[in-house]
Amino acid sequence: YFLQQLNRLICLFLQMAPRLLIIGAGPIGLEMAVAAVQSKRWDVTIVERGNELCANVVAWEHVKLFSAWKLNVSDRGRKALASLGADTPECKEMGEETEADYPTGKEFLDQYLRPLGEYLAGSERCEIMLETRVVSIGKSSKLLKGDMGQIRRKDASFRTFVTTKSDHGNSE
């Protein structure tokens, strides 16, 4: 019993700054990470299967987006880029856009997503893990089906198992 309580106290101590795991470093994952970092309430770990942030967007960088800049960037993201001294895309009001206001995937990457990644990489509150696959996510303690809705289930932290490129070599 004493060791259980000690283990719980150690876990609580380690969780003083809650850690948020974001699976996928695409546009939504980066926006979520920026919001969490700027809140100063979370430490963030971003896990990305690809070898760079927004690896999926790289695959379609030649495509012109069907939505204008205003719908693809957040005010929070623009503020993050401004704090780096980076230029931010001009966001015209809906109905006032021209063809130039619809970026290609490459423009979206170069002018917004990659600079957001630089902002996050420079933050002490964010860890980025590239070429990492999530294998499983579950509660950290032994819980049974009958524990659903019970306090002990709510108090149990999550445990995530991942593999990195060095774990699985070049194979999938």
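Given the structure is predicted, the values throughout are model-derived calculations rather than measurements.

Quick notes on the rules
- Residues numbered from 1 in each chain as written.
- Predicted model: local features only at pLDDT ≥ 70, side-chain atom pairs only at ≥ 80, totals over all residues.
- Heavy atoms only, no water.
- Helix = DSSP H or I, 4+ residues; strand = E, 2+ residues; numbered from the N terminus.
- Expected span 1.5 Å × (residues − 1).
- Axes fitted to C-alpha atoms, helices over the stretch in contact; angles between N-to-C directions.
- Parallel < 35°, antiparallel > 145°, perpendicular 65-115°, else oblique.
- Left-handed = near helix turned anticlockwise from the far one by under 90°.
- Contact = heavy atoms within 4.5 Å.
- Nonpolar A, V, L, I, M, F, W, Y, C, P; charged D, E, K, R; others polar.
- Patch = residues over 30% accessible without salt bridge, like charges linked within 9 Å, V, L, I, M, F, W, Y side chains within 5 Å.
- Areas by Shrake-Rupley, 256 points an atom, 1.4 Å probe, with all protein chains shown as cover.
- Salt bridge = Lys/Arg side-chain N within 4 Å of Asp/Glu carboxyl O.
- Core = buried A, V, L, I, M, F, W, Y, C linked by side-chain atoms within 4.5 Å.
- Buried < 20%, exposed > 50% of the residue type's maximum accessible area, 1.4 Å probe, protein only.
- Arc of directions from axis to C-beta.
- Phe/Tyr/Trp six-rings, centres within 6.5 Å; stacked < 30°, edge-to-face > 60°.

> I'd love a proper account of helix H2 (residues 27–39), names of residues and values included.
An ideal rise of 1.5 Å per residue puts 18 Å on 13 residues; H2 measures up with 18 Å between its terminal C-alpha atoms. Remark: lysine 40 follows H2 within two positions and exhibits a positive phi of approximately 60°.

> Describe in detail the packing of H2 against helix H5 (residues 75–83), supporting the description with residues and values.
The geometry of H2 relative to H5 is characterised by a closest axis approach of 10 Å and an angle of 70° between their N-to-C directions. With respect to H5, the element H2 is oriented roughly perpendicular. Both H2 and H5 take part in a crossing whose hand is left-handed. Residues Glu31, Val34, Ala35 and Gln38 of H2 pack against Arg76, Gly77 and Ala80 of H5. A breakdown of the residues in the contact of H2 with H5 according to their chemical character gives three nonpolar, two polar and two charged.

> Would you mind going over a nonpolar patch on the surface in detail, with residue names and values included?
Together, Leu21, Ile23, Ile137 and Phe158 give the surface a local cluster of nonpolar side chains, amounting to about 390 Å² of exposed area. Along the chain, phenylalanine 158 turns up in strand S5 (residues 158–164).

> Please set out the nonpolar core residue by residue, giving values where relevant.
Grouped together as the largest cluster of nonpolar side chains are 26 residues, with contacts concentrated most on Leu30, Val44, Ile46, Tyr112, Leu113, Leu116 and Leu120. In terms of residue count, helix H6 (residues 105–121) provides more of this core than any other element does, seven residues in total. For leucine 116, the residues in contact, after removing those within four places along its chain, are Leu30, Glu31, Val34, Gly77, Ala80 and Leu81.

> Which residues make up H5, and what are the values?
Of the residues making up H5, those classed as buried are Gly77, Ala80 and Leu81. In an axial view of H5, the angular spread of the buried residues amounts to 95°, which keeps them on one side of the axis. Opposite the buried face of H5, at more than 90 degrees from it, the exposed residues are Asp75, Lys79, Ala82 and Ser83. Packed against the buried residues of H5 are H2 and H6.

> Please provide a residue-by-residue account of the packing of aromatic side chains, values included.
Applying the stated criterion to the full structure yields two aromatic pairs. Ring geometry for phenylalanine 108 versus tyrosine 112: centroids 6.1 Å apart, planes at 5°, classification stacked. Of this pair, phenylalanine 108 and tyrosine 112 are both found in helix H6, four residues apart, which corresponds to roughly one turn of the helix. Relative accessible area serves as the criterion here: at 4%, phenylalanine 108 is assigned to the buried category.

> Kindly report on the environment of tyrosine 119, identifying the contributing residues and their values.
Looking at the secondary structure, you find tyrosine 119 in helix H6. With a relative accessible area of 17%, tyrosine 119 lands in the buried category. Residues tyrosine 119 and alanine 82, spaced 37 residues apart in sequence, show a C-alpha to C-alpha distance of 10.0 Å. Beyond its immediate chain neighbours, meaning those up to four positions away, tyrosine 119 contacts Val34, Val37, Gln38, Ala80, Ser83 and Leu84.

> I'd like a description of the pattern of salt bridges, backed by residues and values.
This structure, assessed with the given rule, holds seven salt bridges. Taking the shortest distance from any N to any O, the salt bridge between glutamate 52 and arginine 114 comes out at 3.1 Å. Here the residue glutamate 52 occupies a position in the loop between strand S2 (43–47) and helix H3 (55–59), and arginine 114 occupies one in helix H6, the gap between them amounting to 62 residues. In this structure glutamate 52 comes out as partly exposed when scored by relative accessible area, which is 27%. Relative accessible area serves as the criterion here: at 29%, arginine 114 is assigned to the partly exposed category. Salt-bridge contacts for lysine 70 lead to glutamate 93; the nearest nitrogen and oxygen are separated by 3.6 Å. Of this pair, lysine 70 sits in helix H4 (residues 69–72) while glutamate 93 sits in the loop between H5 and H6; the two residues are 23 residues apart in sequence, bridging distant segments of the chain. Each of Glu52, Lys106, Asp110 and Arg114 takes part in salt bridges that share partners, so that together they form one network.

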